[in-house]
Amino acid sequence: MREPREEGYDDLLDALESDTGYYLSCPAGHASLPPRQVCPRCGDDELSEETLPATGTVVTFTEVAVPAPAFAGQTPVVLIADFGPVRLTGRLLDGSDTLDVESEVVPTVASSPSGDRHVGFRLASER
């Protein structure tokens, strides 16, 4: 059974799933990811949705040797990717043998074996 909808985060996942990812920006130009009601840097409550770049660049990654129980039997690769104004953290879905720092990735949605959704990435070169 699916958990109740988490406003903001599930909206972001829905947008990533439909290739319309976004981030939030305040009038001062600070960027953050939903869910947010105010800018985490300046406290401004006038946030607008801005289009997330289609690809990002891997900043760092790690192969999880001892995964959480939801990923038992798997060796997930978790990465942080720079998308200009914001950075996203998520799980690589394919291509871990060709992943390097500075690889280009495309954001998408992944699911754990239990069905929980989270941010995922595919290598742009594999798309």
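Residues numbered from 1 in each chain as written. Predicted model: local features only at pLDDT ≥ 70, side-chain atom pairs only at ≥ 80, totals over all residues. Heavy atoms only, no water.

A. Quick peek at the pairing of strand β1 (residues 22-25). Here β1 shows no split at all, with Tyr22 and Leu24 on one side and Tyr23 and Ser25 on the other all buried. With four bridges joining them, β1 and strand β3 (residues 48-51) adopt antiparallel strand pairing. Paired with leucine 24 across the strands is glutamate 49, a residue of β3. One ladder, built from two bridges, connects β1 with strand β2 (residues 31-32); its direction is antiparallel. By the bridge assignment, serine 25 is partnered in β2 with alanine 31. Linking β1 back to β2 in an antiparallel pair, the connection comprises five residues, with glycine 29 at a positive phi of about 90°. (Buried < 20%, exposed > 50% of the residue type's maximum accessible area, 1.4 Å probe, protein only. Helix = DSSP H or I, 4+ residues; strand = E, 2+ residues; numbered from the N terminus. Pairing = 2+ DSSP bridges.)

B. Seen up close, the environment of proline 85. Residue placement: proline 85 occurs in the loop between β5 (77-83) and β6 (86-92). For proline 85, a relative accessible area of 42% gives the class partly exposed. Residues proline 85 and serine 25, 60 residues apart in the sequence, show an inter-C-alpha distance of 9.0 Å. Dropping the residues within four chain positions of it, proline 85 is found in contact with Tyr23 and Ala31. (Contact = heavy atoms within 4.5 Å.)

C. Layout of unusual backbone geometry. Looking along the chain, the bond that leaves proline 34 and enters proline 35 is cis, with omega of 0°. Among the structural elements, proline 35 can be located in the loop between β2 and β3. Residues other than glycine seldom take positive phi values, yet aspartate 19 does so here, at roughly 60°. At glutamate 102, a position not held by glycine, the phi torsion is positive, near 85°. Assessed through its relative accessible area of 63%, glutamate 102 is described here as exposed.

D. Up close: the environment of valine 109. Tracing the backbone shows valine 109 in strand β7 (residues 104-111). Looking at valine 109, the relative accessible area reads 13%, which means it is buried. A C-alpha to C-alpha distance of 17 Å links valine 109 and proline 4, two positions 105 residues apart in sequence. Setting aside residues up to four positions removed in sequence, valine 109 forms contacts with Leu13, Leu16, Glu17, Leu93, Arg117, His118 and Gly120.

E. Local environment of the sheet that holds β3. An order of β2-β1-β3 is seen for the three strands of this open sheet, with the pairing classed as antiparallel. The open sheet has two edge strands with one neighbour each: β2 and β3.

F. Fine view of the state of the cysteines. With the rule as written, the count across this model stands at zero disulfides. Residue cysteine 39 stays outside any disulfide, its sulfur separated by 3.7 Å from that of cysteine 42, the closest cysteine. Classification of cysteine 39 as buried rests on a relative accessible area of 4%. Residue cysteine 42 is classed as partly exposed on the basis of its relative accessible area, which comes to 41%. (Disulfide = S-S within 2.5 Å.)

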